Amino acid sequence: SNNFSFFVASTATSSPLLSYIKEELTKATHSIFNDPLCGKVFRIKGFIPENDQWIELNATKDQITTETIAKGQEIIIVIGESLNKEKIEEYIKKPA
């Protein structure tokens, strides 16, 4: 049986998602894919606010794309197996 799962990374804490610039977002995404403690991550997608615009993230282990768009929703979705939500969120949250 496939232990396939996904979750929406929480942004509703006292420390919201960073207003990442694309380079920081790409670096964080790369780290999640390469950190075994995060689990087996297949895909990360979502939107991150930056100033008055949004960055759309669409990432697999082989390819990370970031695109600036006019409208979005503050959400990050992580898809994979045996995911460690807490560890993944360490990469995409502002330090307390």
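None of the values given here were measured: they were computed from a predicted structure. As a convention, each chain's residues are numbered from 1 in the sequence order in which they are written. Side-chain atom pairs in this predicted model are given and counted only at pLDDT of 80 or more, local residue features only at pLDDT of at least 70, and totals for whole chains, interfaces and linings cover all residues. The side-chain figures draw on all heavy atoms in the structure; neither hydrogens nor water molecules are used.

Caption draft 1: The arrangement of the confidence of the model for the protein chain in detail. Looking at any residue, its pLDDT shows the predictor's confidence there, from 0 to 100. Residue-level pLDDT values for the protein chain average 80, and 75% of them are 70 or greater. Note that residues 11–16 has pLDDT below 50 and, in this model, eight contacts with residues that lie over four places away or in other chains. Between two residues, a contact is recorded if the distance between any of their heavy atoms is within 4.5 Å.

Caption draft 2: Here's a closer look at the packing of helix H1 (residues 22–34) against helix H2 (residues 85–92). Two elements in contact, H1 and H2, have axes separated by 9 Å at closest approach and are oriented at 155°. Compared by their axis directions, H1 and H2 come out roughly antiparallel. With respect to the hand of their crossing, H1 and H2 are arranged in right-handed fashion. Along its contact with H1, which presents Ala28, Ser31 and Ile32, the element H2 presents Ile88, Tyr91 and Ile92. Three classes are used: nonpolar for Ala, Val, Leu, Ile, Met, Phe, Trp, Tyr, Cys and Pro, charged for Asp, Glu, Lys and Arg, and polar for all others, with Gly counted as polar. Residue composition of the contact of H1 with H2, by class: five nonpolar, one polar and no charged. Inter-axis angles, ranging from 0 to 180 degrees, are taken between N-to-C directions of lines fitted to C-alpha atoms, where helices are fitted over the stretch in contact. Counting from the N terminus, the helices are the DSSP runs of H or I reaching at least four residues and the strands are the DSSP runs of E reaching at least two. Note on terminology: angles under 35 degrees are roughly parallel, angles over 145 are roughly antiparallel, angles of 65 to 115 are roughly perpendicular, and the others are oblique. Throughout, a crossing is termed right-handed when the near helix is turned clockwise from the far one, and left-handed when it is turned anticlockwise from it by less than a right angle.

Caption draft 3: Geometry of H1. Multiplying 1.5 Å by the helix residue count minus one yields the expected span of that helix. With 13 residues, H1 ought to run about 18 Å at 1.5 Å a step, and its terminal C-alpha atoms sit 18 Å apart, in line with that. A simple rule labels every residue: compare its accessible area, found with a 1.4 Å probe on the protein chains alone, to the largest value its type can have, and call it buried under 20%, exposed over 50%, or partly exposed in between. Listing the buried residues of H1 in full gives Leu25, Ala28, Thr29, Ile32 and Phe33. Taken down its axis, H1 places every buried residue within 135° of arc, on the same side. Within H1, the exposed residues directed more than 90 degrees away from the buried face are Glu23 and Lys27. Looking at the buried residues of H1, the elements they touch are strand E2 (40–50), strand E3 (53–60), strand E4 (64–69) and H2. Think of the arc as the fan of directions from the helix axis to the C-beta atoms.

Caption draft 4: A look at the nonpolar core. To define a nonpolar core, start from buried Ala, Val, Leu, Ile, Met, Phe, Trp, Tyr and Cys residues and group those joined through side-chain atoms within 4.5 Å. Core analysis: the biggest nonpolar cluster contains 15 residues, and Ile32, Val41, Ile44, Leu57, Ile76, Val78 and Ile88 have the highest contact counts within it. Taken together, the elements giving at least two residues each to this core come down to H1, E2, E3, strand E5 (75–81) and H2.

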